[in-house]
Amino acid sequence: MVLFGWCLVFGGCGSAVLAAAFPELGIGFLGVALAFGLTVVTMAYAVGHISGGHFNPAVTVGLFAGGRFAAKDVIPYVIVQVIGGIAAAAVLYVVASGKAGFNVTSGFASNGYGEHSPGGYSLQAAIVIELVLVAFFLIVIHGTTDKRAPAGFAPLAIGLALTLIHLISIPVTNTSVNPARSTGVALFQGTWALQQLWVFWLVPLVGGVLGGLIYRGLLAEKK
């Protein structure tokens, strides 16, 4: 669990901090989106059979809402996910600070709205896009892990869905959809990212519950 969360934050946020705007030739938004998606694909195939592949509190809560996860395990999973996110952010900080002129307060791949949105989008826009995309993500996760779905393809579909989510929403919020990912880098950014962090906990959790309930109520196999 810690390893999965660590890899997601280090792979995704690391690409944003270290490579997205690299002098002359950076990977840009597309590269960052692929980094997040590829991290999920590789780690889900590598360790998903051990922990269920959870790396995101919104996913854990959404799977509980969808009837796929035990209530007693929700809090322990969330705690470990956050620990993994913070650990990855710490390693990324050590690497990034090795470059002259590095300034963690400039962003550090943190999520934000208003003046801290990459595209200057409002709080309302941030809430709507995070809510909708997390709900969509949970529907994809429930659907691809349904016993009626083709076996073995869930990690690939989930990773591609996360890539698509990032392609849509990086300009709006720098894409959270994952409170653990947001928390790790916000702690090191230390100012506005912490002040806005509540959005990137509250909204993804609500979106996760919404997506889980939609799948459970409308799309799940009736018993």
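Check the entry above for the structure.
Residues numbered from 1 in each chain as written. Predicted model: local features only at pLDDT ≥ 70, side-chain atom pairs only at ≥ 80, totals over all residues. Heavy atoms only, no water.

> What's the story with the packing of helix α5 (residues 123-144) against helix α9 (residues 199-219) in this structure? I'm lost.
Relative orientation and spacing of two packed helices are given, respectively, by the angle between their axes and the distance between those axes. The geometry of α5 relative to α9 is characterised by a closest axis approach of 7 Å and an angle of 40 degrees between their N-to-C directions. One element, α5, and the other, α9, form an angle in the oblique class. The two elements α5 and α9 cross, and the hand of that crossing is right-handed. When grouped by side-chain class, the residues that make up the contact of α5 with α9 number 16 nonpolar, six polar and one charged. (Axes fitted to C-alpha atoms, helices over the stretch in contact; angles between N-to-C directions. Helix = DSSP H or I, 4+ residues; strand = E, 2+ residues; numbered from the N terminus. Parallel < 35°, antiparallel > 145°, perpendicular 65-115°, else oblique. Left-handed = near helix turned anticlockwise from the far one by under 90°. Nonpolar A, V, L, I, M, F, W, Y, C, P; charged D, E, K, R; others polar.)

> Teacher, can you tell me more about the nonpolar core here?
Nonpolar side chains tend to gather and get buried jointly when the protein is soluble and globular. Counting residues in each nonpolar core, the largest one holds 29 residues, and the members touching the most others are V59, L63, F137, I141, I158, L162 and V177. The set of elements that each furnish at least two residues to this core consists of α2 (28-51), α3 (57-65), α4 (74-96), α5 and α6 (154-173). (Core = buried A, V, L, I, M, F, W, Y, C linked by side-chain atoms within 4.5 Å. Buried < 20%, exposed > 50% of the residue type's maximum accessible area, 1.4 Å probe, protein only.)

> Could you clarify how one ought to interpret the packing of α3 against α9 in this entry?
At a minimum axis separation of 7 Å, α3 and α9 run at an interaxial angle of 30 degrees. One finds that α3 runs roughly parallel with respect to α9. In this structure, the crossing between α3 and α9 has a hand that is right-handed. Here α3 contributes P57, A58, V61, G62, F64 and A65 to the contact with α9, which in turn contributes W201, P204, L205, G208, V209, G212, L213 and R216. By residue class, the composition of the contact of α3 with α9 is ten nonpolar, three polar and one charged. (Contact = heavy atoms within 4.5 Å.)

> Got a minute to help me understand the pattern of salt bridges in this structure?
When the charged atoms of two side chains with opposite charge come close together, those side chains can pair. Within the structure shown, the criterion is met by four salt bridges. With its nearest N and O atoms 3.9 Å apart, the salt bridge here joins D146 to R68. Placement of the pair is D146 in the loop between α5 and α6 and R68 in the loop between α3 and α4, with a sequence separation of 78 residues. Note on D146: relative accessible area 9%, which makes it buried. (Salt bridge = Lys/Arg side-chain N within 4 Å of Asp/Glu carboxyl O.)

> Whenever I open this one, the packing of aromatic side chains confuses me. Can you help?
The description of an aromatic ring pair rests on the distance of the ring centres and on the angle between the ring planes. All told, the structure shown has six aromatic pairs when counted by the stated rule. Relative to Y77, the ring of F69 lies with its centre 4.8 Å away and its plane at 70 degrees, an arrangement referred to as edge-to-face. The exposure class assigned to F69 is buried, which follows from its relative accessible area of 16%. For Y77, a relative accessible area of 19% translates into the label buried. Look at Y93 and F108: their rings are 6.3 Å apart centre to centre, the planes differ by 80 degrees, and that puts the pair in the edge-to-face class. Taken together, the residues span a long stretch of sequence, with Y93 in helix α4 and F108 in the loop between α4 and α5 at a distance of 15 residues. For F108, a relative accessible area of 5% corresponds to the buried category. Grouping aromatic residues by their ring pairs yields a cluster made of Y93, F102, F108 and F188. (Phe/Tyr/Trp six-rings, centres within 6.5 Å; stacked < 30°, edge-to-face > 60°.)

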